[in-house]
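Structural description and commentary
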Amino acid sequence: MKILVVGGGGREHAIIRKLKESPKVEAIYCAPGNGGIAADAECFPVNAMDIEGMKALAKEKAVDLVFVAPDDPLAAGMVDAMEEAGFKAFGPRASAAIIESSKVFSKDLMKKYGIPTAGYEVFDDPAKALAYIESQGKYPVVVKADGLALGKGVIIAENYDMAKEAVHSIMEDKVFGASGNQVVIEEFLTGPEVSVLAFTDGKTLKPMVSSKDHKRALDGDKGKNTGGMGTVSPNPYYDDAMAQRCMEEIFLPTVAAMNAEGRPFKGCLYFGLMLTPDGPKVIEYNSRFGDPETQVVLPRLKSDFADIILAVAEERLADQPVEWSDEAAACVVMASGGYPASYPKGLEITGLDENGQLPGAEGVTVYHAGTALKDGKLVTSGGRVLGVTALGKTLDEALNKAYAAVEKIHFDGAHYRKDIGRTR
Ligand code: AMP
Ligand code: GLY
């Protein structure tokens, strides 16, 4: 198989490293890729949102499958375009990717089909949204922009003034553009959060091992929300009984609901769950692999990943084995100083070998998220720079290995959390 992977972050690097293990994979191309991915796949400077450019690349390289990893090209219909051009593709069509790209759609879906989620109301008028928040008088209250917002469209408002500011910036200042034409005002839930990614071909759903993301920038879950500062797998709060319950109450009903709506979902469906005192509830759906969840989930996959994605694309997942190792995995993200606000770029990274890996560190993989090659040297090029990942017999062992590796890698202003896997 020749595979084209669309995207250029840590998630895509983890996807590519796993595909490389398959004896059936003959060539892996990536667009746009990054400085570290270049050691594992041939990279091409085509923007992930450039559907025509991506189609031309797929044709030129005569690929057998296109793996569309990021949310925005999925929402823009890249899978539809590839399929129309005769390529097999991994990922949902736009009609199904809406489960992530519109929170109004996903909330209404859950309400209609009785899938547990936080109570909510939808508004397209800021004055009405504020009148509702005031009449409820319950804080914190959660304010969400309807559309994609780079993981920053959710504001947990501690009081009326904060809620007012959130509604104004989303709906009037349009800080997320058209994503803020509508808002969802949601009840605040509490409990541990769990990420469960699942393979589905629209008929069968096979969940992957669970994981836990640490979204806040600073230790002790302080600071701003980020794309994710680190992950562990398995999630210590998610046991077999809970997995069984989520399968029955959430996962299978979601697949059935999407089919009933005429929007069959094929690809990786991501369930962002909260284990509340009233049972598991959906916080969000994503239409793709999570980042940095993928960096701890895929290293634990024992079955052939290329076989699985092909089985999903060809709707034969029921007959395809999906097996996992019992090891634990931990990923610590090294970010640029200042992230998630503004940060410098182009700083030299030291400690890594010519393949962008840590020499002699057994069981450790460095997934590149925001790196570039400049005059043959690795430099920083994004907010999240590296996802330093380790496998271990226990979570402690995996964490100790990952942190020992982080100590050996340097760039100016590097920032990472010291408490990944050790807080709720
Ligand atoms: P989302 O982008 O929807 O995953 O939201 C980002 C983060 O906001 C989640 O990971 C939660 O930590 C938090 N969050 C979202 N919705 C709620 C809610 N209803 N109650 C409490 N926290 C929430
Ligand atoms: N790590 C959260 C996400 O991928 O949306």
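Residues numbered from 1 in each chain as written. Chains lettered and ligands numbered in written order. Predicted model: local features only at pLDDT ≥ 70, side-chain atom pairs only at ≥ 80, totals over all residues. Heavy atoms only, no water.

Some points on a nonpolar patch on the surface
The condition that has to hold: Note that patches include only residues with greater than 30% relative accessible area and no salt bridge, and the join distances are 9 Å for like charges and 5 Å for nonpolar side chains (Val, Leu, Ile, Met, Phe, Trp, Tyr). Accessibility throughout is a Shrake-Rupley quantity obtained with a 1.4 Å probe, and a residue counts as covered only by protein chains that appear here. Salt bridges are counted wherever a side-chain nitrogen of Lys or Arg sits within 4 Å of a carboxyl oxygen of Asp or Glu. Segments assigned H or I by DSSP are reported as helices when at least four residues long, segments assigned E as strands when at least two residues long, and all are numbered from the N terminus. Burial here depends on accessible area, computed with a 1.4 Å probe over protein chains only, as a share of the maximum for the residue type. Under 20% is buried, over 50% is exposed, and the range in between is partly exposed.
A contiguous nonpolar surface patch, about 200 Å² in accessible area, is contributed by Val154, Ile156 and Phe188. For Val154, the location among the structural elements is in strand β8 (residues 154–157). Residue classification places Val154 among the partly exposed positions, given a relative accessible area of 30%.

Looking at the packing of helix α6 (residues 103–113) against helix α9 (residues 240–260)
We count it as follows: To obtain each axis, a line is fitted to C-alpha atoms, and for helices this fit is confined to the stretch in contact; angles are then taken between N-to-C directions over 0 to 180 degrees. For classification purposes, an angle smaller than 35 degrees is called roughly parallel, one larger than 145 roughly antiparallel, one from 65 to 115 roughly perpendicular, and anything else oblique. Here a residue-residue contact requires only that any non-hydrogen atoms of the pair lie within 4.5 Å. Gly is put with the polar residues, along with every residue not named as nonpolar or charged; the nonpolar set is Ala, Val, Leu, Ile, Met, Phe, Trp, Tyr, Cys and Pro, and the charged set is Asp, Glu, Lys and Arg.
At their nearest, the axes of α6 and α9 sit 10 Å apart, and the two run at 105° to each other. On the basis of the axis angle, α6 is roughly perpendicular to α9. Across the interface between the two elements, Phe105, Leu109 and Tyr113 of α6 pack against Ala257, Met258 and Ala260 of α9. Of the residues in the contact of α6 with α9, the class split is six nonpolar, no polar and no charged.

Quick look at the environment of Asp173
With respect to the element layout, Asp173 can be found in the loop between α8 (160–172) and β9 (183–187). For Asp173 and Asp307, which are 134 residues apart along the polypeptide, the C-alpha to C-alpha distance reads 47 Å.

Concerning the pairing of strand β15 (residues 230–233)
Heads up, the rule is: In this analysis, strands are considered paired if DSSP registers two or more bridges between them.
Burial along β15 is two-sided: the face carrying Gly230 and Val232 and the face carrying Thr231 and Ser233 are both buried. Sheet topology places strand β12 (residues 212–213) next to β15; two bridges connect them, and they run antiparallel. By the bridge assignment for β15, Lys212 is matched with Val232. Taken together, the four bridges between β15 and strand β18 (residues 328–335) define a ladder with antiparallel strand orientation. When the bridges of β18 are listed, Ser233 appears paired with Ala329.

Description of the site of ligand 1
Our working rule: Any residue with at least one heavy atom within 4 Å of a molecule or strand is counted as near it. Residues adjacent in sequence count toward polar contacts only when both atoms are side-chain atoms; beyond that, a polar contact is any pair of N or O atoms within 3.5 Å, and within protein one must be able to donate a hydrogen and the other to accept it.
Within the structure, ligand 1 sits among 15 residues, and Glu186, Glu187, Leu189, Glu193 and Glu284 are positioned closest to it. Contact between ligand 1 and Lys103: an oxygen atom at 3.4 Å from a side-chain N or O atom of the residue. Interatomic distance of 3.0 Å between a side-chain N/O atom of Lys215 and an oxygen atom of ligand 1. Look at ligand 1: alone it shows 470 Å² of surface, and the protein chains cover 92% of it. Residue classes in the shell around ligand 1 are distributed as eight nonpolar, no polar and seven charged.

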